[in-house]
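# Report on the structure
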Amino acid sequence: MRRVWPPDEAGSVDRAELERLYGYPEDRSQWLAMNFVSSVDGAVEVAGRSRGLSNEADREVYPLGSSLADVILVGASTAIIEEFRGVEPDEQQAELRARHGLAPVPRIAVVTSGRSLPADAPVITDVQVPTIVITCRSAPAALREEWEAAGAEVLVAGDGSVDFAAATSALAQRGLKRIHCDGGPRLFGSLLEAGVVDELRLTLSPMLVSGTAERIAAGTGIDPAHLTLASVLAQDDTLLLRYLINR
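Residues numbered from 1 in each chain as written. Predicted model: local features only at pLDDT ≥ 70, side-chain atom pairs only at ≥ 80, totals over all residues. Heavy atoms only, no water.

Before going further, it helps to examine unusual backbone geometry. In the segment running from Trp5 into Pro6, the intervening peptide bond is cis, with an omega of 0°. As for its position among the elements, Pro6 is in the loop between strand S1 (2-5) and strand S2 (11-12). Even without being a glycine, Glu83 presents a positive backbone phi close to 55°. For Glu83, the position within the fold is in the loop between helix H3 (76-81) and helix H4 (91-99). The exposure class of Glu83 is partly exposed, given its relative accessible area of 44%. In this model, Asp236 sits at a positive phi of 55°, which is unusual for a non-glycine residue. Mapped onto the fold, Asp236 is located in the loop between strand S10 (227-235) and strand S11 (238-245). (Helix = DSSP H or I, 4+ residues; strand = E, 2+ residues; numbered from the N terminus. Buried < 20%, exposed > 50% of the residue type's maximum accessible area, 1.4 Å probe, protein only.)

Listed below in structure tokens is the structure:
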């Protein structure tokens, strides 16, 4: 893997440099990095799943974000479709987390406004540490009790819909300030609208998909957010981009 941007730092990239690039700043009270893989024509899925776009380069870089995070944030629909489960660090990931002073296992935080998340979903039941279910006050009380009975911690933020600024602040107050977000597009759109995204990490897979696949962000729309290109890595025909969100 080689770095092509910034041009004055071009050259091969070793593991230590990858950890620096895909880690989280220590001087920030909260940092939310959004992660996506897309085709060159903007599709975020093949046959309904993102894994059809992933490749060797993406699989080398993508796990660093979650391995160096305090919490992995995901939407309920994505958690169900992608069959999310709790993280089980291998020996290398465990050593990495210990070296960076992180808890042995990152938490999972799953966002839902109501019935899209059944209490027996693997993202709740198949975990080493309790999943945080982020929801709003309009979610049925009985369902909230079911999530808790299944072992989840329920975090209520907002009334009729999830208040993402309040939710991410509540995560940081729990010591979960390094947030690795796995999407999908509607969650990304909502986080952008709330103004809480700090970084976009985008793998551009060398594929054309066409069809009706979604783009990486969807929602009611925002004033265009301007970005600063932080780094570009290349491996074979794949580009791995990091953008900082200008506030």
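Having put the structure on the table, let's press on.
With that settled, the discussion passes to the packing of helix H2 (residues 56-67) against H4. Between two packed helices, the angle of one axis relative to the other and the distance separating the axes together describe the packing. Viewed as axis vectors pointing N to C, H2 and H4 meet at an angle of 50°, and their least axial separation amounts to 10 Å. Of the possible angle classes, the one that applies to H2 and H4 is oblique. Considering the relative orientation of H2 and H4, their crossing is right-handed. On the side of H2, the interface is formed by Pro63, Leu64, Ser66 and Ser67, while H4 contributes Gln93, Leu96 and Arg97. (Axes fitted to C-alpha atoms, helices over the stretch in contact; angles between N-to-C directions. Parallel < 35°, antiparallel > 145°, perpendicular 65-115°, else oblique. Left-handed = near helix turned anticlockwise from the far one by under 90°. Contact = heavy atoms within 4.5 Å.)

Under the feature "domain: Bacterial bifunctional deaminase-reductase C-terminal" (unreviewed entry), the UniProt entry names residues 31-237. Across residues 31-237 one finds 29% helix and 23% strand; the C-alpha atoms that close the span lie 29 Å apart. (UniProt positions renumbered as here; feature names shortened; annotations may be inferred.)

For the rest of this paragraph, the subject is empty space enclosed by the protein. Evaluation of the coordinates by the stated rule reveals one cavity of 30 Å³ or more. Estimated volume of the largest cavity: approximately 30 Å³. Taken together, Gly86, Val87, Val105, Pro106, Arg107, Ile108, Val127, Gln128, Val129 and Thr131 make up the lining of the largest cavity. Residues belonging to the lining of the largest cavity are distributed by class as follows: six nonpolar, three polar and one charged. (1 Å grid on protein atoms, 1.4 Å probe; cavity = no way out; pocket = protein on both sides within 12 Å on 5 of 7 lines; lining within 4 Å. Points joined across faces, edges and corners; volume = space filled by probe spheres on them. Nonpolar A, V, L, I, M, F, W, Y, C, P; charged D, E, K, R; others polar.)

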